[in-house]
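# Descriptive structure summary
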Amino acid sequence: MGYALDALRKRREELESLLEKLRSEREQIKQKLDRVKAKEDELYQRLTKTRDPIEASRIEILLQKVAEIRKREEGRLEEVERKIRGAEHELEDVKRKIEILKPRTVKWVVEYEAKGSE
């Protein structure tokens, strides 16, 4: 029983460190996604304001590249969020198993028989 409990505690620590890493990765992806969206908005504004067809075609190409980067980052963000949900679910399961296996303090009740009741 001790081995299973130790293994579960080790797995809990691994999952907690994995969750921390995934959450920091999610924040980095969100920041990059915000920058990409801002760049995409800026390019779209430039495209609507320009009158030159050559400049418009250049901006369209840039806009397509930025949109592709945005879609790729959104896919990475969804993947990381799925991993986070899975790790959180597994962590809750491991914590529940640890709680079940953890030895509890037992209060012993001692009952005495009276000797004079023969």
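Here the structure is shown first, and the text comes after it.
Residues numbered from 1 in each chain as written. Predicted model: local features only at pLDDT ≥ 70, side-chain atom pairs only at ≥ 80, totals over all residues. Heavy atoms only, no water.

In this section: the pattern of salt bridges. Enumeration over the complete set of coordinates arrives at 14 salt bridges. The shortest N-O distance in the salt bridge between E88 and R23 comes to 2.6 Å. One end of the pair, E88, is in helix α2 (residues 53–101); the other, R23, is in helix α1 (residues 2–49), with 65 residues separating them in the sequence. You can call E88 partly exposed: its relative accessible area is 31%. Measuring nitrogen to oxygen at the nearest pair gives 4.0 Å for the salt bridge that ties E25 to R76. A residue pair is termed long-range when its members are at least 10 positions apart, and E25 in helix α1 and R76 in helix α2 qualify at 51 residues. Classification of E25 as partly exposed rests on a relative accessible area of 25%. (Salt bridge = Lys/Arg side-chain N within 4 Å of Asp/Glu carboxyl O. Helix = DSSP H or I, 4+ residues; strand = E, 2+ residues; numbered from the N terminus. Buried < 20%, exposed > 50% of the residue type's maximum accessible area, 1.4 Å probe, protein only.)

The next thing to look at is the nonpolar core. Among the nonpolar cores identified, the biggest contains 14 residues, and L19, V80, I84, V94 and I98 are the most heavily contacted of them. When contributions to this core are tallied by element, the ones reaching two or more residues are α1 and α2. Residues contacting I84, with those up to four places away along its chain left out, are L19, L22, R23 and R26. Membership of the second largest hydrophobic core comes to 7 residues, among which are L43, L47, I59 and V66. (Core = buried A, V, L, I, M, F, W, Y, C linked by side-chain atoms within 4.5 Å. Contact = heavy atoms within 4.5 Å.)

Moving on, we get to the side chain of E40. Examined against the element boundaries, E40 turns out to sit in helix α1. If sequence neighbours within four positions are ignored, E40 has contacts with L63, V66, A67 and R70.

Moving on, we get to the environment of R46. Secondary-structure assignment places R46 in helix α1. For R46, a relative accessible area of 34% corresponds to the partly exposed category. As a C-alpha pair, R46 and I59 span 13 residues in sequence and 7.6 Å in three-dimensional space. Not counting residues within four places of it along the chain, the set of residues in contact with R46 comprises E55 and I59.

Counting through the fold element by element, R70 comes out in helix α2. According to the relative accessible area criterion, R70 is buried, its value standing at 18%. Residues within four places of R70 in sequence aside, it is in contact with L33, V36, K37 and E40.

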